Amino acid sequence: YTLRFSFMQKIVQKFGGTSVGTIDKIKHVCSLINKEIKSGNQVAVVSSAMSGETNKLVSLAENFDINKNKLEFDMIVSTGEQVSIALISMALKEIGLKGVPLLGWQIPITGSNDFTKAKIDNIDDSLVLDVMNKGEIPIIAGFQGVNSKNNIVTFGRGGSDTSAVAIAAAIRADRCDIYTDVDGIYTSDPRIVEKARKLNKISYEEMLEFASLGAKVLQTRSVEMAMRHEVLVQVLSSQTGEKGTFLTKEDKKMENELVSGIAYSKDEANITLINILDKPGVATKIFSPLSEANINVDMIVQTGSENGKNINFTYTVSRKDLEQTISIMEENKLGIEFERIITNNSLAKVSIVGLGMRTHTGVANKMFSSLASESINIHVISTSEIKISVLIDEEYIEKALNALHSTFKLDKK
Ligand code: ASP
Ligand code: MG
C-alpha cells in the first residue's frame with residue numbers, strides 16, 4: 001500500500017495573470033491541477049490576480065498621493081488575488097476537488113514593514129501542510145503578506161513568483177512550477193532572434209542575470225529566493241502544459257557552455273561629463289546626489305588621465321531618469337567641476353551571460369570581434385563574473401543579437 005504513495009511529490013503550481021485571465025482559463029488551470037493530483041501528487045496552488053486587474057487597482061489608488069497612502073495602496077492592490085483564488089476554488093469544486101483559498105494573513109506569510117515592496121520574513125507551513133495532508137488543495141494568494149502590525153503588505157510587481165518560490169521552500173516542495181504565457185526561457189528573445197532556442201535548464205546564477213536584465217518572465221527576487229533555498233523551479237506555459245525550462249544548481253556540463261544566452265535592454269541612457277579636474281572625491285560628488293534622488297546608476301567608466309590632467313566620466317541610467325539626472329548634474333556643476341555634459345538616450349545594452357566565462361578566456365574578445373564584423377560601434381563595456389555587457393546604438397539591436405547568437409553557437413539547428 002505504501003508503494004502507491006512512494007512516488008508522491010509535493011508540487012507548487014503558480015499561475016500568472018494571463019493563465020487565470022478569464023473564467024475559461026481558470027477552468028483550464030483547474031485541469032492542470034487535476035492532472036497533478038491524479039498522478040498522485042500533493043499540490044499547493046499560488047495565484048496572481050487576473051491579468052489587468054492589478055493595473056486597474058493601481059490606477060484607482062493613484063488618484064491619491066501614494067507616498068502618503070502606502071498602507072491603503074497595499075490594501076487596495078492586494079485584492080486582485082483575493083478574487084482569483086476564490087474563483088479557482090469555485091471552479092475546482094465543479095470538477096470534484098476541494099480547494100481552500102487562503103490569503104496571506106491566514107497562513108500567515110509574514111512580511112517586513114516596507115509597504116509596496118515588503119520582503120518575506122517567514123512562512124508558517126503548518127496550515128498549508130495540514131490542508132495538503134487532508135487531500136485538499138491550498139490556493140494561496142500571491143503577492144501579499146501581513147506585517148508585524150497586522151497590516152497587509154505586498155511584495156512588488158510580479159511578486160507572486162516570489163510568493164510561490166517561498167511557499168515551495170517553506171513546505172520543502174519537490175518542484176515549483178511557474179505557469180506563464182511563454183513556454184520557457186530562451187537563448188535570446190525569439191521575437192528578434194528567429195533561431196533562438198528554448199533552454200531545458202539554466203542555472204540560478206544565469207537566470208538572475210537574465211531576470212535583472214529585464215527578461216520579465218520572473219521577478220528577480222524569486223530567482224534569488226530559489227537560489228538561496230535550492231528550490232527546483234520550472235517555467236512553463238499554461239496553454240501547452242509541456243515541459244518548460246528548469247532552474248537548477250549549476251552542474252559540470254553547464255560550465256562547458258561558454259554562453260547560455262543573450263539579453264538586451266532598451267531602457268538605457270548615457271551621460272558623459274567632459275573635462276573634470278582629476279582629484280580625490282570626484283566620483284562621490286557625482287554619484288551621491290544621484291543616490292539621494294534614488295536614481296540607479298548602471299555602467300560607469302572613468303577615463304585615465306595623464307598625470308592629474310582632466311578626465312571624462314561616463315555612466316548610464318534608465319531613460320526615465322535622464323532628465324532628472326541632467327538637472328542634478330547641472331545643479332552640482334561647480335562642485336564636480338566639469339566643463340560640459342553630453343547625453344544620449346537612444347542606446348541599448350546587449351549582454352552575453354554564461355557560467356563558462358569564469359573558466360574560459362577570450363569570450364569578451366569573441367564578442368567584440370563579432371560586433372566589429374557587423375560594423376557595430378561599442379560605446380561602453382562592463383563585465384561581471386558571468387556577464388559581459390556592451391552599450392550600442394539602439395538601431396543595431398537586431399543585428400547584434402543575431403550575430404552574437406550565431407558566434408556563440410546558440411542557433412537552433
Ligand atoms: N498581481 C501582481 C502584479 O500584477 C503580482 C503578480 O502578478 O505577480 O504585479
Ligand atoms: Mg509575473
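Notes on the structure in this doc start here. (Residues numbered from 1 in each chain as written. Chains lettered and ligands numbered in written order. Predicted model: local features only at pLDDT ≥ 70, side-chain atom pairs only at ≥ 80, totals over all residues. Heavy atoms only, no water.)

### Some thoughts on the pairing of strand E9 (residues 175-180)
Defined as follows: Only protein chains enter the accessibility calculation, which uses a 1.4 Å probe; a residue is then buried when its area is under 20% of its type maximum, exposed when over 50%, and partly exposed in between. Helix numbers and strand numbers start at the N terminus; a helix is a DSSP run of H or I with at least 4 residues, a strand a run of E with at least 2. Should DSSP find at least two bridges between two strands, the strands are taken to pair.
Among the 6 residues in E9, 6 count as buried, and that is most of the element. Burial of E9 is two-sided: the residues Arg175, Asp177 and Tyr179 facing one way and the residues Cys176, Ile178 and Thr180 facing the other way are all buried. In terms of strand pairing, strand E1 (residues 10-15) meets E9 through 5 bridges, oriented parallel. The partner of Phe15 across the bridge, within E9, is Tyr179. Note: E9 against strand E11 (residues 233-237), 5 bridges, orientation parallel. Residue pairing in the sheet places Asp177 in a bridge with Gln234 of E11.

### Some words on the site of ligand 1
Definition in use: Working definition: residue near molecule or strand if any one of its non-hydrogen atoms lies within 4 Å of it. As used in this structure description, the phrase polar contact means that two N or O atoms lie within 3.5 Å; if the pair is within protein, one of them must be able to donate a hydrogen and the other to accept it, and residues adjacent in sequence are counted only when both atoms belong to side chains. Only the protein chains shown count as cover for residues, with accessible areas throughout obtained via the Shrake-Rupley method and a probe of 1.4 Å. Each residue is assigned to one class: nonpolar for Ala, Val, Leu, Ile, Met, Phe, Trp, Tyr, Cys and Pro, charged for Asp, Glu, Lys and Arg, and polar for all the others, Gly among them.
With respect to spatial proximity, the complete set of residues near ligand 1 consists of Ser48, Ala49, Thr54, Glu81, Phe143, Arg157, Gly158, Gly159 and Ser160. The separation between an oxygen atom of ligand 1 and a polar side-chain atom of Arg157 is 2.6 Å. Note that an oxygen atom of ligand 1 is positioned 3.3 Å from one of the backbone N or O atoms of Gly159. Considering ligand 1 on its own, with 260 Å² of exposed area, one finds that the protein chains cover 87% of that surface. A breakdown of the residues in the shell around ligand 1 according to their chemical character gives 2 nonpolar, 5 polar and 2 charged.

### Quick notes on the layout of surface pockets
Here is the rule: The pocket and cavity definitions rest on a 1 Å grid over protein atoms only: a 1.4 Å probe that fits but cannot leave marks a cavity, an open set with protein on both sides within 12 Å along at least five of seven lines marks a pocket, and residues lining either have an atom within 4 Å of a point. Grid points are joined across faces, edges and corners, and a volume is the space filled by probe spheres set on the points.
Taken as a whole, the second largest pocket holds about 350 Å³ of empty space. Contributing to the lining of the second largest pocket are 14 residues, with Leu199, Asn200, Lys201, Lys253 and Glu257 lying nearest its centre. For the lining of the second largest pocket, the secondary-structure elements that each account for two or more residues are strand E10 (201-203) and helix H10 (252-256). Along the lines of polarity and charge, the residues of the lining of the second largest pocket split into 5 nonpolar, 2 polar and 7 charged.

### Points about the packing of helix H2 (residues 23-38) against helix H5 (residues 79-94)
In helix packing, the relevant descriptors are the interaxial angle and the interaxial distance, both defined with respect to the helix axes. Selection criterion: Note on geometry: axes are lines fitted to C-alpha atoms, helical ones only across the stretch in contact, with angles between N-to-C directions running from 0 to 180 degrees. By convention, the crossing between two helices is left-handed when the near helix turns anticlockwise from the far helix through less than a right angle, and right-handed when the turn is clockwise. Any pair of residues with heavy atoms lying within 4.5 Å of one another is described as a contacting pair.
Taken N-terminus to C-terminus, the directions of H2 and H5 make an angle of 60°; their axes are 9 Å apart at the nearest point. Note on packing geometry: the crossing formed by H2 with H5 is right-handed. Taking contact as the criterion, the partners of Ile23, Ile26, Lys27, Cys30 and Ile33 in H2 are, on H5, Leu87, Ile88, Ala91, Leu92 and Glu94. Residues of the contact of H2 with H5, tallied by class, amount to 8 nonpolar, no polar and 2 charged.

### Things to note about the pairing of E1
Rules: Think of it like this: strands point away, you trace from the first strand over the helix to the second, and a clockwise trace means the crossover is right-handed.
The element E1 is extensively covered by neighbouring structure, given that 5 of its 6 residues are classed as buried. Taken together, the 6 bridges between E1 and strand E2 (residues 42-47) define a ladder with parallel strand orientation. Of the residues in E2, the one forming a bridge with Lys14 is Val46. In the classification by handedness, the crossover that spans E1, the intervening H2 and the parallel E2 is right-handed.

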